Amino acid sequence: MGDRKERPAYEFVDMNTRGEGAVATAFANQVAYCEAGGAPITARVVGGIAQVVASGGGGEVARRVRAWEGAPLADALPLRVAGGLHALHLAGTAPELAPIYAGEAADDAGVIGGVMTSHAAALLPWLDGPPQTNEAGRSANFIAALLWLAERGLPARFQCLEIGSSAGINLMLDRYRYDLGGVVVGPEAPVMEFRPAWHGAPPPAQAIEIVSTRGCDVAPVDLTDPAQALRLKAYIWPEHRVRFARMDAAIRTAGERAPDLVRMNAADFVETELAKPQASATTRVLMHSIVWQYVPQDQQARVTAAMEAAGAKASATSPLAWVRVEADRTVHRHALTVRYWPGGAEEVQLAWSHPHGADVEWVA
């Protein structure tokens, strides 16, 4: 554990920074983030894009990046471009990218700049929306949090609500099986199994039941549509090959029983769902992972207000909880945090987590 506590200190980066220098800072931060997450090829691609943008090349795609009016880090601008390039590679329409994705020597900036220029029509639409982050491995964090909540005395029957669900992969968390530091949860015949490298004490061993799951997204993805599935795969970091197998498994299980997913923004969804009656002896949980940065600030305020208002009315038999797995860009890791009502309105950090669930450091 000692080496895990001696991580280097990173410069604080405000996710909402915009204006002069913000694009370069966002790309530099994303490179460091990918390297810390065990994704050297993605870091290399992002670094190559940054070189092209800084050089003044790259055609219309790079011009739009340089002129970005929003907050490039909060908008995940580097990953928008990287996702588009990866899609071209997966489709085989830009074979010159193959050496980079194979980890071979190449003139990264030269190759990437050429592709950005010659495939501008295909790449420009990738700038129009944030990445669709889909990783079933993150659901291990949600399960660990539910175990912790059950130990605190909240009813162990959970109604789970998720914002930013994208394709709804984490809405199917009850179909997966988990080994969390030796604590095993999930069905005997799961769609997928997760055994993240666990550091620290295991989460509480509790019997839990997921009664229902429902989620929203402003642009929900249909996993059974091959074109949409390819787009999701393009956002998978190519180094993490197991994630492609997970995506294929998620596609199969969604074809058998689709997740309950609606097209709605986060604030409208939370307000609507919290207004519905809650069954007694059931804990209602709002959960989300790697999505808060994409939620507009006015909607963040509405979600927070709605949760706190509903929390003030919660009872011991019908409690409310808020489980988050969101990025801490100062250490390039993700914090698993929880609030619950009544009795636990102050946010508590339970763990540090790898962005794709590969490892968890339990700190609760």
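Residues numbered from 1 in each chain as written. Predicted model: local features only at pLDDT ≥ 70, side-chain atom pairs only at ≥ 80, totals over all residues. Heavy atoms only, no water.

What about helix H3 (residues 40-55)?
For clarity, the cut-off: Secondary structure follows DSSP: runs of H or I at least 4 residues long count as helices, runs of E at least 2 residues long count as strands, and numbering of each begins at the N terminus. Given a helix with a known number of residues, its expected span is that number minus one, times 1.5 Å. Three labels apply to residues, based on accessible area from a 1.4 Å probe with only protein chains included: buried if under 20% of the type maximum, exposed if over 50%, partly exposed otherwise in between. Throughout, a residue-residue contact means that at least one pair of heavy atoms, one from each residue, lies within 4.5 Å.
Here H3 spans 22 Å end to end across 16 residues, near enough to the 22 Å set by a 1.5 Å rise per residue. Those residues of H3 not exposed but buried are Ile41, Thr42, Ala43, Val45, Val46, Gly47, Gly48, Ile49, Val52 and Val53. The secondary structure elements touched by the buried residues of H3 are helix H2 (22-36), helix H4 (59-66), helix H5 (77-91), helix H6 (98-101) and helix H7 (108-118).

Focus: the packing of H5 against helix H10 (residues 226-234)
When two helices pack together, you describe them by how their axes are tilted relative to each other and by the distance separating the axes. Put simply, the rule is: Fitted lines through C-alpha atoms give the axes, limited to the stretch in contact for helices. The angle between two N-to-C directions lies from 0 to 180 degrees. By the definition adopted for this analysis, an angle is roughly parallel if under 35 degrees, roughly antiparallel if over 145, roughly perpendicular if from 65 to 115, and oblique otherwise. Handedness of a crossing is defined here by the sense of rotation of the near helix relative to the far one, left-handed for an anticlockwise turn of less than a right angle and right-handed for a clockwise turn. All residues other than Ala, Val, Leu, Ile, Met, Phe, Trp, Tyr, Cys, Pro, Asp, Glu, Lys and Arg, Gly among them, are scored as polar; the first ten of these are nonpolar and the last four charged.
Orientation of H5 relative to H10, taken along the N-to-C sense of each, is 120°, at an axis distance of 8 Å. Of the possible angle classes, the one that applies to H5 and H10 is oblique. Judged by the twist between their axes, the crossing of H5 over H10 is right-handed. Contact residues: Gly83, His86, Ala87 and Leu90 in H5; Leu230, Lys233 and Ala234 in H10. Residue classes in the contact of H5 with H10 are distributed as four nonpolar, two polar and one charged.

Topic: the packing of aromatic side chains
This is how it is decided: Between the rings of Phe, Tyr and Trp (Trp by its six-membered ring), a pair exists once the centres lie within 6.5 Å; its type follows the angle of the planes, with under 30 degrees stacked, over 60 edge-to-face, and the other angles tilted.
Across all of its chains, the model carries seven aromatic pairs by this definition. A centroid spacing of 5.8 Å and a plane angle of 25° characterise the contact between Tyr178 and Phe194, whose relative ring orientation is stacked. Here Phe194 lies in strand E4 (residues 192-194) and Tyr178 lies in strand E2 (residues 176-180), a separation of 16 residues in the sequence. For the pair shown, Tyr178 and Phe194 are each scored as buried. Through a chain of ring-to-ring contacts, the aromatic side chains of Tyr176, Tyr178 and Phe194 assemble into a single cluster.

Digging into the pattern of salt bridges
Stated precisely, the cut-off is as follows: Put simply, a salt bridge is a Lys or Arg side-chain nitrogen that is within 4 Å of an Asp or Glu carboxyl oxygen.
All told, the structure shown has 18 salt bridges when counted by the stated rule. Where Glu60 meets Arg63, a salt bridge forms, and the shortest distance between an N and an O atom there is 2.8 Å. One end of the pair is Glu60 and the other is Arg63, both in helix H4 and three residues apart, which spans about a single turn. We classify Glu60 as partly exposed; its relative accessible area is 34%. The partner of Glu347 in a salt bridge is Arg324, and the shortest N-O contact between them spans 3.9 Å. Linking Glu347 in strand E11 (residues 344-353) with Arg324 in strand E9 (residues 320-328), this pair joins segments that are 23 residues apart in sequence. Residue Glu347 is classed as partly exposed on the basis of its relative accessible area, which comes to 48%. Residue Arg324 is classed as buried on the basis of its relative accessible area of 16%. Taken together, the shared-partner salt bridges connect Arg214, Asp260, Glu273 and Lys276 into one network.

Treat this as a map of the structure, not an account of what it does.
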